[in-house]
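Single-letter residue listing:
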Amino acid sequence: MIGNVKLGVEVLSATNLIAKDGEGTSSAFVELHFDGQRHRTTVKEKDLNPQWNERFSFTVSDPANLPNLTLEACVYHDVKPSHSRSLLGRVRLHSHSFVAQPDAVTLFYPLEKRNVFSRAKGDLSLRVYLLDDHLFHNVQPSIPFVTETVVPTPAPVPVAEPAAEAPRKGHNHRDSHQFYSLPNQHSAQEPPPRVVINHDESKPVPPPVMRVYNNGVGAGSIPVIQTMPSSSGEFSLKETSPLLGGGQVVGGRVIRGTEKPMSTYDLVEEMRYLFVRVVKARDLPAMDVTGSCDPFVEVKLGNYKATTRHFEKNSKPEWNEVFAFSRERLQSSVVEVVVKDKDMIKDDFIGRLRLDINEIPVRVPPDSPLAAEWYRLEKKDGEKLDKGELMLAVWIGTQADESFSEAWHSDAIHKKDGFHVSNIRSKVYHSPRLWYLRLQIIEAQDLYVKDKTRYPEVYVKAQLGNQTIKTRFMQSRNFSPVWNEEHMFVAAEPFEDHLVLTIEDRVGPNKDETIGKCSIPLATIEKRADDRFFNAKWYNLERPGIIDPEVLKKDKFATRLHIRVCFDGGYHVLDESTHYSSDLRPTAKQLWKQSIGVLELGILNAQTLHPVKTREGKGVSDTFCVAKYGQKWVRTRTIIDDPCPKWNEQYTWEVYDACTVLTVGVFDNGHIGGEDKSNGHKDLKVGKVRIRLSTLEAGRVYTHSYPLLVLHSSGVKKMGEIHLAIRFSCTSTLNMMCTYTRPLLPKMHYVRPLSIHQVDTLRHHAVSIVAARLGRAEPPLRKEVVEYMSDVDSHMWSMRRSKANFFRLMSVFSGLMAVAKWFGEVCAWTNPVTTVLVHLLFVILVCFPELIFPTAFLYMFLIGLWNYRYRARHPPHMDTRLSHAEAVHPDELDEEFDTFPTSRSAELVRMRYDRLRSVAGRIQTVVGDVATQGERLHSLLSWRDPRATTIFLAFCFCAAMVLYVTPFQVVLVALGFYLMRHPRFRYRLPSIPLNFFRRLPAKTDSLL
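Scoring rules and cut-offs
Residues numbered from 1 in each chain as written. Predicted model: local features only at pLDDT ≥ 70, side-chain atom pairs only at ≥ 80, totals over all residues. Heavy atoms only, no water. Helix = DSSP H or I, 4+ residues; strand = E, 2+ residues; numbered from the N terminus. Buried < 20%, exposed > 50% of the residue type's maximum accessible area, 1.4 Å probe, protein only. Contact = heavy atoms within 4.5 Å. Pairing = 2+ DSSP bridges. Salt bridge = Lys/Arg side-chain N within 4 Å of Asp/Glu carboxyl O. Phe/Tyr/Trp six-rings, centres within 6.5 Å; stacked < 30°, edge-to-face > 60°. Lys NZ or Arg CZ within 6 Å of the ring centre and 35° of its normal. Disulfide = S-S within 2.5 Å. Core = buried A, V, L, I, M, F, W, Y, C linked by side-chain atoms within 4.5 Å.

Along the polypeptide, Lys427 turns up in strand E27 (residues 427-430). The exposure class of Lys427 is partly exposed, given its relative accessible area of 33%. Sequence spacing of Lys427 and Arg635 is 208 residues, and the spatial spacing of their C-alpha atoms is 5.1 Å. Setting aside residues no more than four positions away along its own chain, Lys427 makes contact with Trp633, Val634, Arg635, Glu778 and Pro779.

Set out below in structure tokens:
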């Protein structure tokens, strides 16, 4: 029985390792230790997400001792210049976690630090299982391997056969690496096994990762097993080195060629276009019996055809339309321009022009626009017409041409598809300037009610657009109620609406009667930029139902409303979440600071986009990009039916604060319909990217391919990748540094802060106003686009987000917990040398307390310098692991995508409510425990327990006398030495102070 049990270990991959080579990468390998045996994987050069897919086996020398054994997997960085290694992290697995091979699944183990001063991050993917000796050779492994027996070598180091050895004649050569297990000093006579890993076979696929969930809240529920993709670089950020208009980008720097001229579009790839501007025609021949014609123009280039609009009975039409054909997609060397007459059955031919592409001039801005010329139309046989001329301008340019944005593009749809060209053009939008309107309703006088036998129960209703508020009900005996309430609205320039104030009287259940109302034009309301006092005004109310001016003059109705109303320009109207806001300036322009830099964004292309709709029986993608920063929104043109669209459009923003976020989203154009009509022709989201400007180095060009991740009800899905080029140029370093000393929000947010409820309500109204204004533009930026870019639903409840925030909080306090664990090891004398050094350092700091703060700040300074070499070289992006999107429960996703109010069944809502009650119950217990400790502290001097208070007062008196005659430094040294005393002088029972504190009374006895 001895020796017939083996431990199989499959080392699959590692993710998110620490960079150790000073270049942002690591050369990682894994060393396994078990039962005095060692195995080592190959070294993966310069890869923070290495994949090994190698298998090893360990012989269990004594199966009876298996419960006491531990498998240790250490991930090292191979330092080649010094032939040494640096620890990246380790994983320790106890034998109780080992299972049989059929039950083994791939698990990701977080890498642990060796001690408190070391650093470790990332995960190691392992598959560990037990198997018998005969099964080890008979079971088909998930990773191919060959086992051979070799004579042990005296040197206990890994040996690799040269891969470049010439093949022998008559034998098939195979590249292979051979690894030897290091022999145990107690069993050196046993020949170690040799594992040969063949590389010429097909690359093995790692087994899928199985995550097990519990589908219910009670016992007996059915577990749900969800298969997740193995951790790889699928969701990672990829740095690229494209050839842009400014030159080749290498490591964030632009290598400009000597022959390449300077260009304003230096962050995008230069794209050549053939532009055709159809201006007008004259002296067209009559084609109808009425002696007129209905002309329009077709521009043909290979399989591409563009058409202008037609004019009814006009022989001198003016179109002034521009068409752009991509140079790389040209399918012909001749441009054919045909003038036709619109007819009900078949369009009649009027004349045409044929232009050789090789003879067309090239125009590069800032050259002046090319002048249009008159061309005499030709017949089909090439003969000139007697009359009929067409004015054209034809040239070859780039996307820097000013006609690019207004042109019809060859990668767009044809007009025969029924969609207007403006819906697919690029566009720059400016969101309206938003103001907070502060309304203080003070009082009313001389209420006029019909029923004099009752005291009116009145309230004031204020309405601005779709925003409505109501004051509390007030029953006044003198017909002059006083409210003195303050409310806030959101208004947008230009001020075209009116603020309508109405006094209502509650005359019965669900029955209100209007006493009077007044309408205040927003343009007449005063503006202020600070919190200065402004005077209140009396407004006369009009009795409802009276329209005749003569009757109004005779009417003695004199009810008045006393209010104070103004626009507050000292606030920043929050239409985004403050965590990733793109603009923090106040509304009043006189409060704006000087800009600190310029942000340039080049939207290059997208790769492998997943189709989100079908047309003509196949999946299609009609995508466009939207970028938002500050009040400026930009929209690229729509590329039709292309899973790898190329936009190559560049935009610029002024930057006033570096602690802001740029948002770029990709959408499918809903104007171009598919076969699925269930979405109501909405613009479907493909994904978005958020980039914080403070994480960018000034002057560097960041060219990366960002994954487009969308969370669906079925889980997280990668919809493709978007390629961006970003550059943040700082115009004033001093001004940028000064912004870090100023408050994040304008002054009014701290002088007269808004409540959390007000912020959420006003933000919802602000997003609605912006969406309504941008939705009226041409092409419209639809409501679903604005809401997705503004993260309007980020405040909704989500179990996934709650877990993510909880683990974020745990990671914040992980450093403190690590220090507490290290101090516990010091007090337990785990490492006597470290404990002695801590004692010496403690004595030095007590004797020289003036060194405490300088030492602490110097330590943080040195840590910052040390971490500089490991700084992030790439901008942050969406992290699925941080968001808990990879291992989320399906029911939690269904709850997150549920409507508000819910549309699910009562049984499912009851189950979720019970689950929420269980979570809230645990939180309630923790809050109660914290409150109990605080109440025990209060009871020390409250005489709630007279004996405990007497003991504490006696201790305080004795401690005061002792501290009065004893130097404070001596007391600190004694207390420190007592806390760090040797375990020999410790007891397993709690200490006396802790026992005393736990016996103190709390108010838990008084709870029902």
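Further notes follow.
With respect to the secondary-structure elements, Tyr870 resides in the loop between helix H10 (852-868) and helix H11 (890-896). Note on Tyr870: relative accessible area 18%, which makes it buried. Separated by 850 residues in sequence, Tyr870 and Lys20 place their C-alpha atoms 7.5 Å apart. Residues in contact with Tyr870, not counting those within four places in the same chain, are Ala19, Lys20 and Arg119.

Strands sit in the order E14-E46-E47-E38-E43 across an open sheet of 5 strands; the sheet is antiparallel. Either end of the sheet is taken by a strand with one partner, and the two such strands are strand E14 (238-239) and strand E43 (646-655). For strand E46 (residues 701-712) and strand E47 (residues 715-730), the ladder comprises 12 bridges, and the chain directions are antiparallel. Considered in E47, the bridge of His712 is made with Gly715.

Cis geometry marks the peptide bond from Glu493 to Pro494, where omega comes out at -5°. Along the polypeptide, Pro494 turns up in the loop between strand E32 (482-492) and strand E33 (498-508). In this structure, Asp283 is a non-glycine residue whose phi angle is positive, near 55°. Considering the arrangement of structural elements, one finds Asp283 in the loop between strand E18 (272-282) and strand E19 (295-301). According to the relative accessible area criterion, Asp283 is partly exposed, its value standing at 40%. Look at Asp446: it is not a glycine, yet its phi comes out positive at around 55°.

Attention shifts here to the pattern of salt bridges. By the definition in use, this model includes 58 salt bridges. Measuring nitrogen to oxygen at the nearest pair gives 2.8 Å for the salt bridge that ties Asp622 to Arg615. This pair shows no difference in class: Asp622 is buried, exactly as Arg615 is. In this structure, Arg915 engages Glu895 in a salt bridge whose closest nitrogen and oxygen atoms are separated by 2.7 Å. On the criterion of sequence distance, the pair formed by Arg915 in helix H12 (residues 906-938) and Glu895 in helix H11 is long-range, its members being 20 residues apart. Of the two residues, Arg915 and Glu895, neither departs from the other in class, the shared state being buried. A single salt-bridge network, built from bridges that share partners, covers Asp891, Asp894, Glu895, Asp898, Arg904, Arg912 and Arg915.

Turning to the packing of aromatic side chains, a few remarks are in order. The description of two aromatic rings rests on the distance between their centres and on the angle between their planes. Taken as a whole and assessed by the stated rule, the structure comprises 17 aromatic pairs. Among the aromatic residues, those joined into a cluster by ring pairs are Tyr273, Phe275, Trp395 and Phe404. Positioned over the ring face of Trp538 is Arg560, at 4.3 Å from the centre of the ring. Between the NZ or CZ atom of Arg585 and the centre of the ring of Tyr656, over which it lies, the distance is 4.1 Å.

Below, the discussion takes up the state of the cysteines. Under the counting rule described, the total for this entry stands at 0 disulfides. Note on Cys956: no disulfide assigned, nearest cysteine sulfur contributed by Cys958 at a separation of 9.4 Å.

Tyr436, Leu601, Trp633, Trp653 and Ile722 are the most contacted members of the largest nonpolar core, which has 65 residues in total. At 7 residues, helix H5 (residues 756-774) tops the list of elements feeding residues into this core. Core analysis: the second largest hydrophobic core is formed by 30 residues, Leu464, Ala491, Ile520 and Leu541 among them.

None of the figures reported here should be taken as evidence of function without further support.
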